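# Topology and contacts: notes
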Amino acid sequence: MTASTILRIRGVAKRFRSNLGETLALQATDLDVAENDFITILGPSGCGKSTLLRIVAGLEVQSAGDVQLDGRRIVGPGADRGMVFQSYTLFPWLTVRENVCFGLRERRLPRAEQLEVAEGYLAKVGLQGFADHYPKQLSGGMQQRTALARALANKPRMLLMDEPFGALDHQTRELMQELLLGIWEAERTTVLFVTHDIDEAVFMGSRVVVMSARPGRIKVDRPVALPHPRHYSMKTTPVFSALKAELTEAVRAEVLAAQQQSQAGSPLAPAGAATEASP
Amino acid sequence: MKPLQPVAPGARVVLGVAFFVVFVGAWSFATFGGFVSKTFLADPLTMLRSGWTLLTQMGFMADIGMTVWRVLGGFVIAALIALPLGVAMGAYKPVEAFFEPFVSFARYLPASAFIPLLILWAGIGEAQKLAVIFIGSFFNLVLMIAVTVGNTRRDLVEAAYTLGVTDRGLIRRVLIPGAAPEIAETLRMVLGWAWTYVIVAELIGASSGIGHMITDSQALLATDQIIFGIIVIGLIGLASDLLFKAVNRRLFPWAQLGR
């Protein structure tokens, strides 16, 4: 990767306040994302990987640190960072075509151009025939493909994906991975992709980042030495398996750590304090 | 019968009509069988006959027109003010914090209790009738619209922001279209309530309208006319309800999906 850094994350931390006190969800995290990179972020649930992504999206405000896109500080959400969520977020009152046009209309692009762009991206995700359908008439996989087309049509500097295929069944998920990878290989949009699926992280990413149990921080950062274009048969190559084995170990250790944490914090844990307090 | 098992469309209509038949049957049995005095309850045939006389000879059509006009007038004024205010309250929490406590209090004030006061202020003319309808429907409308808009799915709001929407665009292109079907349902429901207020308004200090005809008939012990008036109100209510539902289905086809 000789390309320049477009996203710079420096010392970003996030604290959540609740009536039980303060939790540190994310501790001072640094990450540089190069132009055209496809970074996958792995980690146990609750490690703050989604929080990090949401901070980059501008949907959440960090408690400390700084995020810069192209040298400009991120202060809120914007069209330069397209996002695909795990939940289905198509606007149910708009057809597939109008959903894809949503951001373009906001930018007041001429209608003919809007339709042309929408047509192009719907073709890329294989939904030409469904432009006039409403989201509720589509399967989950088709809804996520539309959401991807909607985000890409806006020509964002970066694409942020928060477990976008997490709600899909295994077969659909694998097809979606190939579809997204095919589009990325053609367009090279910079992607930040959160997942807990190790196969997915290795297969999709040009770099895999593993985060530790809460409070999250970056523990492992590995380039993926698989050539592009990638074919699903690569999932059985030695390079793939070796990296998968290493990441599995790293994630497993964090999942165990997370479990111990939650057991220690649970009311079922043996409490020695009570006996000490009595005379 | 199993719980929550849907009923076939044909059977649904038959069952719905069947209850009307049972109802009229019981009524006929009680009146024609001589179990209740004619003074207290007219039989169905007498009711229809005097209804026909009312319509053809006593200008009841004008009364009906008057009542419909009052309901629609008061309701439309209430809706025109409630819509922007409700949307503003749903979208902007400080606006909601400012109005919500008062509106919550005001909506429990019975519209009919205002009638003496309104007669004092506005006389017994049309302004007073419209004001009763307005008070009866406005506060409920505002509150229900505000809740609907405020309940917009947060993930849709976030998605819109990542697509570059501005705050104004968010209201215009996400909050309002997303809440529209439920707001239309609210309008339909509150219009139904407005019908009950108009009759109360017409029972006191009116010289026309269905409610006025009913009070006149009470003085004459004409239960046939009273029942006819009540049934006319029911039929108009049913018709406006069906019309509203049909319009909503046309306007918001997407909201019908996956129900």
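Above this text is the structure in question.
We now turn to the structure provided with this report. Every value quoted in this text rests on a predicted model; they were computed, and no experiment measured them.

Conventions adopted
- Residues numbered from 1 in each chain as written.
- Chains lettered and ligands numbered in written order.
- Predicted model: local features only at pLDDT ≥ 70, side-chain atom pairs only at ≥ 80, totals over all residues.
- Helix = DSSP H or I, 4+ residues; strand = E, 2+ residues; numbered from the N terminus.
- Rg over C-alpha atoms; globule rule 2.2 N^0.38 Å.
- Buried ≥ 20, exposed ≤ 12 C-beta atoms within 10 Å, placed from the backbone.
- Contact = placed C-beta atoms within 7 Å.
- Axes fitted to C-alpha atoms, helices over the stretch in contact; angles between N-to-C directions.
- Left-handed = near helix turned anticlockwise from the far one by under 90°.
- Nonpolar A, V, L, I, M, F, W, Y, C, P; charged D, E, K, R; others polar.
- Pairing = 2+ DSSP bridges.
- Parallel < 35°, antiparallel > 145°, perpendicular 65-115°, else oblique.

When helices and strands are tallied, chain A shows eight helices and 10 strands. For 279 residues, the compact-globule estimate of 2.2 N^0.38 gives 19 Å, and chain A sits close to it at 21 Å. Judged by the C-alpha coordinates and their principal axes, chain A covers about 80 × 45 × 40 Å. For chain A, with 279 residues in total, the buried portion stands at 41%. Summarising the internal contacts of chain A: among those between residues at least 6 apart in sequence, 71% fall at separations of at least 24.

Helices and strands together make up the secondary structure of chain B, namely 11 helices and zero strands. Element order for chain B, N to C, with α for helix and β for strand: α-α-α-α-α-α-α-α-α-α-α. Its C-alpha atoms give chain B principal-axis dimensions of about 75 × 55 × 30 Å. Across the 259 residues in chain B, those meeting the buried criterion constitute 37%. Of all intrachain contacts in chain B linking residues separated by at least 6 positions in sequence, the fraction that spans at least 24 positions is 72%.

What follows concerns the packing of helix 3 (residues 60-91) of chain B against helix 8 (residues 167-203) of chain B. All names here are of chain B. At a minimum axis distance of 9 Å, the contact between helix 3 and helix 8 shows a crossing angle of 145°. Crossing handedness for the pair helix 3 and helix 8: right-handed. The residues of helix 8 that touch helix 3, namely those facing Thr-67, Arg-70, Val-71, Gly-74, Phe-75, Ala-79, Val-87, Gly-90 and Ala-91, are Ile-171, Leu-175, Ile-176, Leu-187, Leu-191, Ala-194, Trp-195, Val-198 and Glu-202. A per-class count over the contact of helix 3 with helix 8 returns 13 nonpolar, three polar and two charged.

Residues and elements named next belong to chain A. Within the open sheet, the six strands sit side by side as 6-7-8-3-9-10. Their pairing is mixed. The open sheet terminates on both sides in strands that have one partner only, identified here as strand 6 (81-84) and strand 10 (218-223). Within the sheet, the average angular offset between the axes of one strand and its neighbour, ignoring direction, is 15°.

Whenever strands of a sheet pair, they do so through backbone hydrogen bonds, lying parallel or antiparallel. Residues and elements named next belong to chain A. Ordered by their spatial adjacency, four strands build an open sheet running 2-1-4-5, and the pairing between neighbours is antiparallel. With partners counted over all chains shown, the strands left at the sheet margins are strand 2 (21-34) and strand 5 (72-73), one partner each. Pairing geometry for strand 4 (residues 64-69) and strand 5, over two bridges, is antiparallel. When the sheet's bridge partners are listed, Leu-69 is paired in strand 5 with Arg-72. Of the strands in this sheet, strand 1 (5-18), strand 2 and strand 4 are in contact with helix 1 (residues 49-57), which crosses strand 1 at around 115°.

Our next topic: the pairing of strand 6 of chain A. All names here are of chain A. Taking every second residue as pointing to the same face, both faces of strand 6 are buried, with Arg-81 and Met-83 on one and Gly-82 and Val-84 on the other. Bridging between strand 6 and strand 7 (residues 158-162) involves four bridges; their strand directions are parallel. Paired with Gly-82 across the bridge in strand 7 is Leu-159.

All names here are of chain B. In this fold, Arg-249 is placed in helix 10 (residues 223-251). The partly exposed category is assigned to Arg-249, around which 13 C-beta atoms lie within 10 Å. Once the C-alpha coordinates of Arg-249 and Pro-181 are considered, the two residues, 68 residues apart in sequence, prove to be 8.8 Å apart.

Another point: the interface of chain A and chain B. On the side of chain B, 16 residues touch chain A, which itself brings 23 residues to the contact. Counting residues per element, the ones that place at least two in the side of chain A that touches chain B are strand 6 and helix 2 (96-106) of chain A.

Looking now at the packing of helix 8 of chain B against helix 10 of chain B. Residue and element names in this part refer to chain B. Helix 10 packs onto helix 8 with a crossing angle of 170° between their chain directions and a minimal axis gap of 10 Å. The angle between helix 8 and helix 10 falls in the class roughly antiparallel. As for how helix 8 packs across helix 10, the hand of that crossing is right-handed. For the pair helix 8 and helix 10, contact is made by Pro-181, Ala-184, Glu-185, Arg-188, Leu-191, Gly-192, Trp-195 and Ile-199 and by Ile-233, Gly-237, Ser-240, Asp-241, Phe-244, Lys-245, Asn-248 and Leu-251, respectively. A class-by-class count of the residues in the contact of helix 8 with helix 10 yields eight nonpolar, four polar and four charged.

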